[in-house]
Amino acid sequence: MSTSANPPYTMIVGLEVHVQLLTESKMFSWTGTEFGLAPNTLCDPVNLGMPGTLPVMNGKAFNMALKTAIACGCTIPRYTKWDRKNYFYPDLPKKYQISQYDLPFSLGGSLPIPADKEGNGGKTIRLTRIHLEEDTGKMVHTSGQESEVDLNRAGTPLMEIVSEPDIRSAADARLCLEELRLTLRYLGVSDCEMQEGSLRCDANVNLHIDTPAGKVATPIVEIKNLNSFRSVERALLYEADRQYKKWKEDGLTISDAPKETRGWSDPDGITKLQREKETAADYRYFPEPDLLPVVVDEEWVERLRAEIGELPRERRQRFESTFGLSPYDANVLVEQGKDVADYFDAVVALTDQYKMASNWVQQEVLRTANADGISVADFPVKPAMLANLIARVGRGELNNQQGREVLGKLIETGAGADIDQIIEAGGFKMVSDEGPIREAIQAALASNPKAMEDLKTGKKKPDAVKGFLRGQVMKATGGKANPALVGQLMDSILAELEGGA
Amino acid sequence: MQLTNLTATEVVAGISARKFNAEEVAKAFLDRTAKLKNLNIYVHLDDEVVLNQARDVDRRLAAGEAVGPLAGLPVAIKDLLCVQGEPTTCGSKMLANFRPPYNATVIEKLKAAGAVLYGKANMDEFAMGSSTENSCYGPTLNPWDPARIPGGSSGGSAAAVAAMTAPVSLGSDTGGSIRQPAALCGVVGLKPTYGRVSRYGLIAFASSLDQIGPFTWNVPDMALMMEAISGGDPKDATSLPDAVPAYSQEIEKRPERLRIGVVKEFFGEGLDNEVAVAVHNAIEVYRKLGAEIKEVSLPHSKYGIAAYYIVAPAEASSNLARYDGTLFGHRAKDFSPADEAEKDLPALVRMMMATRAEGFGAEVKRRIMLGTYALSAGYADQYYNKALKVRRLIRNDFETAFKDVDFLIGPTTPTPAFKLGEKAANPLAMYLSDIYTITTNLAGIPGLSMPCGLSSEGLPIGMQLVGPAMSETALLQAARLFERETDWHTKRPNI
Amino acid sequence: MTTDEVAKVALLARLRLNDQERERYAEQLSLILEFIAQLGELDTEGVEPLAHGVDRTNVFREDKAYPALERELALMNAPKRSAEGFLVPAVLD
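Treat the numbers as computed from the prediction; the structure is a model and nothing was measured. (Residues numbered from 1 in each chain as written. Chains lettered and ligands numbered in written order. Predicted model: local features only at pLDDT ≥ 70, side-chain atom pairs only at ≥ 80, totals over all residues. Heavy atoms only, no water.)

### Examining the nonpolar core
Here comes step 1: Residues Leu110, Phe126, Tyr286 and Leu408 of chain B are the most contacted members of the largest nonpolar core, which totals 192 residues.
Here comes step 2: Those residues within four positions of Tyr286 of chain B in sequence are excluded, and the remaining contacts are Ile260, Ala291, Ile293, Ile409, Met463, Leu465, Ala478, Ala479 and Phe482 of chain B.
Here comes step 3: Ala71, Cys74, Ala170 and Leu199 of chain A belong to the second largest nonpolar core, which has 72 residues in total. (Core = buried A, V, L, I, M, F, W, Y, C linked by side-chain atoms within 4.5 Å. Buried < 20%, exposed > 50% of the residue type's maximum accessible area, 1.4 Å probe, protein only. Contact = heavy atoms within 4.5 Å.)

In structure tokens, the structure reads:
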């Protein structure tokens, strides 16, 4: 996923992310926040903006937002207040959104994003601010003449996280968003389902183009309708290319044109200019008189900080330093979600075969769980059982192949499986007696003269030939031979043969 | 015995003592209301709904069930307090068909206290006005002189009591909308401390200034009503959780201290001489009662009207934005482009514009325009932010004054009731009739207006007592003290 | 305030005004603003703005959900509605 090799520009991206908070009730009233109910069945007089009704702040929503800000190392001002953002739109019942203007509850902060295999990420994105507001309802565009308004979503607690324009590639934008999602899920403040709209992202993007006359910045474009991680990446790549081509055509720079808003069309794979509003935006912000300011003291911040627990970036670090995992392995275990890392933690609490545990969780456990469409938390083989199995492999009671087969049986049997019985019944016992293995090796050498020939002439690499021969031995022993012993004995037999020749 | 002449305290006591029943009371007031229809006090009144509530009180009394402290007391309601399923229109064509699916908190409290919700009283549209002439239902007439306005915006609520069509009523006060009509109609009106009474279900004009309060004939009735409607409310974040004192018992005590400040600025130019004399006489009454009388100054009060006419319209422009024809209220039938400029606008925008043009009256539009302008980009600092700073200075004035005195005294209004139409063409002149009341809203403190005289034309004159935040008990005690020495509260219009 | 400014504010406030109204409001609002201009006499440097009616802070409610309003009650005041929702003139993005 990259455009032409080394385009002569740098992409400058900042994200504005809206996150619905996982509260039981709305931001300012006593109705639920479930997704996907029949239109207008999750409303109350307050979220409908009916005359005379008043908002009252959901304390849990505020704490969740505060927790997020603390986890991102933001500055928490002592004093914060709510403001009204005035604009007329049918999905905004009061025709003002309760939001935060000049004194948000959180300023600054940052989000370090991990590196991926391709070398993306591995940097820290600064945050500008985080503020709290209420979500709007939805417009359902029905027939030509009319639209239907559904206000179920109106009043859902919404946290807006604004990043600095620190992102330099589409892949980094996706990684940043993924790390944000992971962090918010770790904090338990949002389920961050882009499909359901509980995580929504707008991106501000322009280019810094290198020209002989120096650096030139293109006009800033805000991209909306980014409803999947993939679309974030696609839209940015498209937009960078579009802006570059457009600049080559018209030469317009940031000082020549105002910021424009473009919507991403996923099926078409393009961004489209959104119709300019009939009046220039003038939101006439002023302090919301119905809600009182909030004063956050040190003790409150510390109380929430103590509740935060280990964050993804801290967990990766611990996996590396405590269990000796590579940054890549640590990231795979963490980025898959909290249940995967929890599972791994539970396994390595019971066995010191850390590397093996990492491999097995990443491969057998994750692969099976993904294939069966279940979460790792629901995986039929519990961490204690896997630790037991890994310990046996580690002790040489089973070889790797046998271990995998036993795991297969354990998964098949499901809850209540008896590992001893499965090993016994399946005859899964690794053969570590030298006699039968020597016999099998000699048989393999005898029946594969061509391999012996290759080895002698050096026509093929010795490791490849030996690998082939070890495979023959394993096959002959029904996969039960101790692979380490097979290798060891084969080497000594070959050495004998060589020495004898 | 003429039931409609009774005070609220007498009505409640009579029903409780079975001297008469709630239905008889309701019927008496309904009959009188029917006779005084020409005053245009009520905009919605359903006799059957009223009688059914009264009968229910009688049934519960007969069954020995617990009834509240207001059992059987008819209470007229300003038409901006939401009553579930009943028309609640704010005197506006915009809400002509609006029926809220919920009750205001004060309505819940009245019901819990056993009160009978009487008719919905006329008002200036969305509480914007000082004469009740800005109602889509036409003006209410002053019971003392039907050629005159009753004051506003709670003119219907004040006239309801003055005309004895209800023993008490509820109004709301954003810049004087209870105290000014109380003064002009010769009854007692209290604007409580901001937050003392829940605003939930009060259709907002200016949220940081609005406060609900009662109209009554005297101070004991006021105490009775305040006990019923005050208190913190989980539905109103700006309500105050402080316990509600037993006002009815407290008022018979003498206030702990009686240092009264005479506000210098409230006796300046524009004050009618008869009003000035009446208030000075009242001050003498207090002096005789042993009060320490001091002159005090509120140096920033002269900026009160100017600050108010930025803050209140700014909040109103936002509060009234929801009336745009989308979710509730009026929607224009025809919203085709009215001129060339509108041809470029989407149908949705034209619908909103046409709806608001049809649904709102001139004064509401004027204030929406003023507020929108004051908040708009480039002007917010000059107007809105400046006004908020002046508001702080005004409050500081009061705080300074209350270091030396316990109450402030002055006229409620510059003149007695003026004639219908007299100020209709001059918005600014109308705004100035709230000059003595408006600063207490900006400061969030309580103000009480009570009768203290009659003009040579037989029109009521009111004086205002102002106290620090949450001083209602002392304020009512001071008012009661005056009432016991005088008989102005017993004067009734001759109708 | 000029009639052009009045027209701009009226659009922002979603008020349709005719020529006559624009002129009348320009005149009346100018007078009112002139009156309000007296605020400019005051030195408010360093004065903390006062936006709220009470001095309290930190008022929160418990995160608890109660049953929603029945849909028929939610829609009963709608000027135009379908079986499930509020209907408004089409909005195109």
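### Here we look at the domain arrangement of chain A
Here comes step 1: Taken as a whole, chain A is organised into domain 1 (12-203 + 271-300), domain 2 (310-426) and domain 3 (434-500).
Here comes step 2: A C-alpha centroid distance of 32 Å is found between domain 2 of chain A and domain 3 of chain A. (Domains from an automatic or database assignment.)

### Considerations on the interface of chain A and chain B
Here comes step 1: Counting residues at the interface gives 32 residues for chain A, matched by 39 residues for chain B.
Here comes step 2: For the pairing of chain A and chain B, the buried interface totals around 2900 Å² over both sides, and the portion due to carbon and sulfur atoms is 66%.
Here comes step 3: Looking at the side of chain A facing chain B, the largest losses of area belong to Pro51, Leu54 and Arg284 of chain A, adding up to 21% of the total buried there.
Here comes step 4: Connecting chain A to chain B are 2 salt bridges. (Buried area = accessible area lost by both parts, 1.4 Å probe. Salt bridge = Lys/Arg side-chain N within 4 Å of Asp/Glu carboxyl O.)

### Let's talk about the packing of aromatic side chains
Here comes step 1: Within this structure, the stated rule accounts for 32 aromatic pairs over all chains.
Here comes step 2: An aromatic cluster of at least three residues, connected via ring pairs, comprises Phe62, Trp82, Phe105 and Trp300 of chain A together with Phe60 of chain C.
Here comes step 3: The ring of Tyr186 of chain A has Lys338 of chain A sitting right over it, with the charged end atom 5.7 Å from the ring centre.
Here comes step 4: Here the guanidinium or amino end of Lys423 of chain B rests over the ring plane of Phe418 of chain B, the centre of that ring lying 4.3 Å away. (Phe/Tyr/Trp six-rings, centres within 6.5 Å; stacked < 30°, edge-to-face > 60°. Lys NZ or Arg CZ within 6 Å of the ring centre and 35° of its normal.)

### Considering the packing of helix H2 (residues 170-187) of chain A against helix H5 (residues 312-323) of chain A
All names here are of chain A.
Here comes step 1: For the pair H2 and H5, interaxial distance at closest approach is 9 Å and the crossing angle is 95°. Taken as axis vectors, H2 and H5 run roughly perpendicular relative to one another. Facing H2, whose interface residues are Glu179, Leu182, Thr183 and Tyr186, H5 presents Pro312, Arg313, Arg315 and Arg316.
Here comes step 2: When its residues are assigned to classes, the contact of H2 with H5 shows 3 nonpolar, 1 polar and 4 charged. (Axes fitted to C-alpha atoms, helices over the stretch in contact; angles between N-to-C directions. Helix = DSSP H or I, 4+ residues; strand = E, 2+ residues; numbered from the N terminus. Parallel < 35°, antiparallel > 145°, perpendicular 65-115°, else oblique. Nonpolar A, V, L, I, M, F, W, Y, C, P; charged D, E, K, R; others polar.)

### As for the interface of chain B and chain C
Here comes step 1: Residue-level contacts link 72 residues of chain B with 51 residues of chain C.
Here comes step 2: When the two sides are added together, the surface that chain B and chain C hide from each other amounts to roughly 5400 Å², 69% of it contributed by carbon and sulfur.
Here comes step 3: Across the contact surface, chain B and chain C share 4 salt bridges.
Here comes step 4: There are 19 residue pairs in polar contact (both at pLDDT 80 or more) connecting chain B and chain C. (Polar contact = N/O pair within 3.5 Å; in protein donor to acceptor, adjacent residues only side chain to side chain.)

### Focus: the layout of surface pockets
Here comes step 1: By volume, the second largest pocket is sized at about 780 Å³.
Here comes step 2: What lines the second largest pocket is a set of 33 residues, among which Lys81, Asp83, Asp102 and Pro287 of chain A together with Asn385 of chain B lie closest to the centre.
Here comes step 3: Looking at the lining of the second largest pocket, the elements with two or more residues in it are strand S16 (286-287) of chain A together with helix H13 (381-404) of chain B.
Here comes step 4: Examining the composition of the lining of the second largest pocket, we find that 4 residues originate from one element, H13 of chain B, more than from any other.
Here comes step 5: Each residue belonging to the lining of the second largest pocket can be placed in one class, and the counts come to 19 nonpolar, 5 polar and 9 charged. (1 Å grid on protein atoms, 1.4 Å probe; cavity = no way out; pocket = protein on both sides within 12 Å on 5 of 7 lines; lining within 4 Å. Points joined across faces, edges and corners; volume = space filled by probe spheres on them.)

### A word on the pattern of salt bridges
All names here are of chain A.
Here comes step 1: Following the criterion strictly, the structure yields 75 salt bridges over all chains and no others.
Here comes step 2: Residues Glu233 and Arg174 are paired through a salt bridge, measuring 2.4 Å at the closest nitrogen-oxygen approach. On the criterion of sequence distance, the pair formed by Glu233 in helix H3 (residues 229-250) and Arg174 in helix H2 is long-range, its members being 59 residues apart.
Here comes step 3: Relative accessible area serves as the criterion here: at 9%, Glu233 is assigned to the buried category.
Here comes step 4: A salt bridge links Asp491 to Lys466; the shortest N-O distance between them is 3.4 Å. Taken together, the residues span a long stretch of sequence, with Asp491 in helix H15 (residues 483-500) and Lys466 in helix H14 (residues 462-476) at a distance of 25 residues.
Here comes step 5: Residue class for Lys466 comes out partly exposed when judged on its relative accessible area of 22%.

### Some words on the sheet that holds strand S3 (residues 116-121) of chain B
Backbone-to-backbone hydrogen bonds join strands into a sheet, with any given pair of strands oriented parallel or antiparallel.
Residue and element names in this part refer to chain B.
Here comes step 1: Here 11 strands make up an open sheet; going across it, the order is S1-S3-S2-S4-S6-S5-S10-S11-S9-S7-S8 and the pairing mixed. Either end of the sheet is taken by a strand with one partner, and the two such strands are strand S1 (42-44) and strand S8 (292-296). The average undirected angle you get between the axes of adjacent strands in this sheet is 35°.
Here comes step 2: This element, helix H7 (residues 219-229), spans strand S2 (74-78), strand S4 (168-173), strand S5 (188-191), strand S6 (211-216) and strand S10 (447-454) of the sheet and lies at about 145° to S6. (Pairing = 2+ DSSP bridges.)

### Describing helix H11 (residues 347-359) of chain B
Here comes step 1: Over its 13 residues, H11 of chain B extends 18 Å from the first C-alpha to the last, a length consistent with the 18 Å expected when each residue adds 1.5 Å.
Here comes step 2: Judged by how many residues are buried, H11 of chain B sits mostly within the fold: 11 of 13 residues are covered.
Here comes step 3: Every buried residue of H11 of chain B is accounted for by Leu348, Val349, Arg350, Met351, Met352, Met353, Ala354, Thr355, Arg356, Ala357 and Gly359 of chain B.
Here comes step 4: For H11 of chain B, the secondary structure elements touched by its buried residues are helix H12 (362-375) of chain B together with helix H1 (3-12) and strand S1 (86-89) of chain C. (Expected span 1.5 Å × (residues − 1).)

### Quick word on the sheet that holds S16 of chain A
Here comes step 1: Strand order in the open sheet formed by 3 strands is S4-S3-S16 (chain A), and the pairing between neighbours is antiparallel. The sheet terminates laterally at strand S4 (96-99) and S16 of chain A, the two strands that pair on one side only.
Here comes step 2: Bridge analysis of strand S3 (residues 83-86) of chain A against S4 of chain A gives 4 bridges, and the strand direction is antiparallel. Of the residues in S4 of chain A, the one forming a bridge with Asn86 of chain A is Tyr96 of chain A.
Here comes step 3: Relative to S3 of chain A, helix H10 (residues 304-319) of chain B is tilted by about 60°, and along the sheet it contacts S3, S4 and S16 of chain A.

### Section: the environment of Thr473 of chain B
Residue and element names in this part refer to chain B.
Here comes step 1: Position of Thr473 among the secondary structure elements: in helix H16 (residues 472-485).
Here comes step 2: For Thr473 and Gln249, which are 224 residues apart along the polypeptide, the C-alpha to C-alpha distance reads 9.8 Å.
Here comes step 3: Not counting the four nearest positions on each side in its chain, Thr473 is found in contact with Pro245, Tyr247 and Glu250.

### Remarks on empty space enclosed by the protein
Here comes step 1: Applying the stated rule across the entire model yields 8 cavities of 30 Å³ or more.
Here comes step 2: Computed from the structure, the largest cavity encloses a volume of approximately 180 Å³.
Here comes step 3: The wall of the largest cavity is formed by 22 residues, among which Thr53, Leu54, Lys94 and Tyr96 of chain A together with Arg322 of chain B lie closest to the centre.
Here comes step 4: Of the residues in the lining of the largest cavity, the class split is 9 nonpolar, 6 polar and 7 charged.

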